[in-house]
Amino acid sequence: MADLTRGVRLGVDVGQVRVGVARSDPHGVLATPLVTLARDLTTAEDAVPTDLAELARLVVEHEAVQVVVGLPVNLAGRHGPAAVHAKAYADRLADVIAPVPVTLTDERMSTVVASRRLAERGVRGKRQRAVVDQAAAVEILQGWLDAQRRQTQ
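Not measured: the values here are computed from a predicted model. (Residues numbered from 1 in each chain as written. Predicted model: local features only at pLDDT ≥ 70, side-chain atom pairs only at ≥ 80, totals over all residues. Heavy atoms only, no water.)

### Regarding helix α2 (residues 81-97)
So the rule is basically this: Think of it this way: any DSSP run of H or I at least four residues long counts as a helix, any run of E at least two long counts as a strand, and we number them from the N terminus. Residue count minus one, scaled by 1.5 Å, sets the expected span of a helix. Working definition: with a 1.4 Å probe on protein chains only, accessible area under 20% of the residue-type maximum means buried, over 50% means exposed, and in between means partly exposed. The directions considered for the arc are those from the helix axis to the C-beta atoms. Residue contacts follow a heavy-atom distance rule, with two residues in contact if any of their heavy atoms lie within 4.5 Å.
For α2, which comprises 17 residues, the first-to-last C-alpha distance of 24 Å matches the rise-based estimate of 24 Å (1.5 Å per residue) to within 8%. Inspection of α2 places A83, A86, Y89, A90, L93 and I97 among the buried residues, and these make up the whole buried set. Viewed end-on, α2 has its buried residues packed into an arc of 125°, placing them on one side of the element. Turned more than 90 degrees away from the buried face of α2, the exposed residues are P81, V84 and D95. Tucked inside the fold, the buried residues of α2 contact β1 (9-14), β2 (18-24), α1 (50-61), β4 (66-71) and β5 (102-106).

Here is the structure:
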């Protein structure tokens, strides 16, 4: 892998209520679920929301070299309100964790795929809601890692 420098990467699935977080191994091969954070929508404009502060703490704790945020492009390939929201979140995160880079990646269908995979394993209802955001973050990060590997082969 020429471009993919060694180091842990965090994958982030930004939702309106929760933020799913996944992490990769230092070799950038496998993404695994890490945690689901509650979105903090009550913080004043000039303060750092608790979910962003917790992400910053996770970047330090896991010595992450990059954060990959899912960009929910719609099926027609356009950026709707959810994509605008995710980009704004990624921009704010980038300010909080600088100089660690934040990258946006197409996450079309990640939550749908994650929900289907969990259901296939018998995880449904409340148990699924509790982990679907982490599973979606795994889909986002794993897809990005796989794409990076394909580009460098």
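### Quick notes on the environment of R117
Residue placement: R117 occurs in helix α3 (residues 110-120). R117 sits 15 residues away from V132 along the chain, and the two C-alpha atoms are 9.6 Å apart.

### Things to note about unusual backbone geometry
Cis geometry is adopted by the peptide bond preceding P99, which originates at A98 and carries an omega value of 10°. Within the secondary structure layout, P99 lies in the loop between α2 and β5. We note that E63 has phi near 50°; this positive angle belongs to a residue other than glycine. Examined against the element boundaries, E63 turns out to sit in the loop between α1 and β4. What makes E63 exposed here is its relative accessible area of 64%.

### Quick notes on the sheet that holds β1
Adjacent strands of a sheet form backbone hydrogen bonds with each other and so pair up, either parallel or antiparallel. What counts is decided by this rule: For two strands to count as paired, DSSP must find a minimum of two bridges between them. Axes here refer to lines fitted to C-alpha atoms; in helices the fit is confined to the stretch in contact. Angles between the N-to-C directions go from 0 to 180 degrees.
One open sheet accounts for five strands, arranged β3-β2-β1-β4-β5; its pairing is mixed. With one partner strand each, in any of the chains shown, β3 (31-38) and β5 form the two edges of the open sheet. Each strand axis lies, on average, 25° off the axis of its neighbour in the sheet, ignoring direction. Where β1 and β2 come together, five bridges link them in antiparallel fashion. Bridge pairing links V12 to V21 in β2. Along the sheet, α1 makes contact with β1, β2, β3 and β4, crossing β3 at roughly 150°.

### Brief notes about the confidence of the model for the chain
Where we set the bar: Within a predicted model, pLDDT stands for the predictor's per-residue confidence, ranging from 0 to 100.
With 86% of its residues at a pLDDT of at least 70, the chain reaches an overall mean of 86. Of all secondary-structure elements in the chain, the lowest mean pLDDT belongs to α3, at 68, while α1 reaches the highest, 97.

### Details of the nonpolar core
Going by this rule: Here, nonpolar core means buried Ala, Val, Leu, Ile, Met, Phe, Trp, Tyr and Cys residues that are tied together by side-chain atoms lying within 4.5 Å of each other.
Formed by 20 residues in total, the largest nonpolar core has its most connected members in L55 and V67. For this core, the secondary-structure elements that each account for two or more residues are β1, β2, α1, β4 and α2. With five residues, the single largest contributor to this core is α1. Aside from chain neighbours lying at most four places away, what touches L55 is V12, V19, V21, L37, Y89 and L93. Core analysis: the second largest hydrophobic core is formed by ten residues, A22, A31, L141 and L145 among them.

### Points about the pattern of salt bridges
Threshold: Here, a salt bridge means any side-chain nitrogen of Lys or Arg that lies within 4 Å of a carboxyl oxygen of Asp or Glu.
All chains considered together, the criterion is met by six salt bridges. Between D133 and R18 there is a salt bridge; the shortest N-O distance is 2.5 Å. Of the two residues, D133 sits in helix α4 (residues 125-152) while R18 sits in strand β2, which places them 115 residues apart along the sequence. For D133, a relative accessible area of 9% corresponds to the buried category. Since its relative accessible area comes to 30%, R18 is described here as partly exposed. Between D146 and R149 there is a salt bridge whose closest N-O contact spans 2.5 Å. Here D146 pairs with R149, and both are found in helix α4, just three residues apart, close to one helical turn. Put simply, E54, R57 and E61 are held in one network by salt bridges that share partners.

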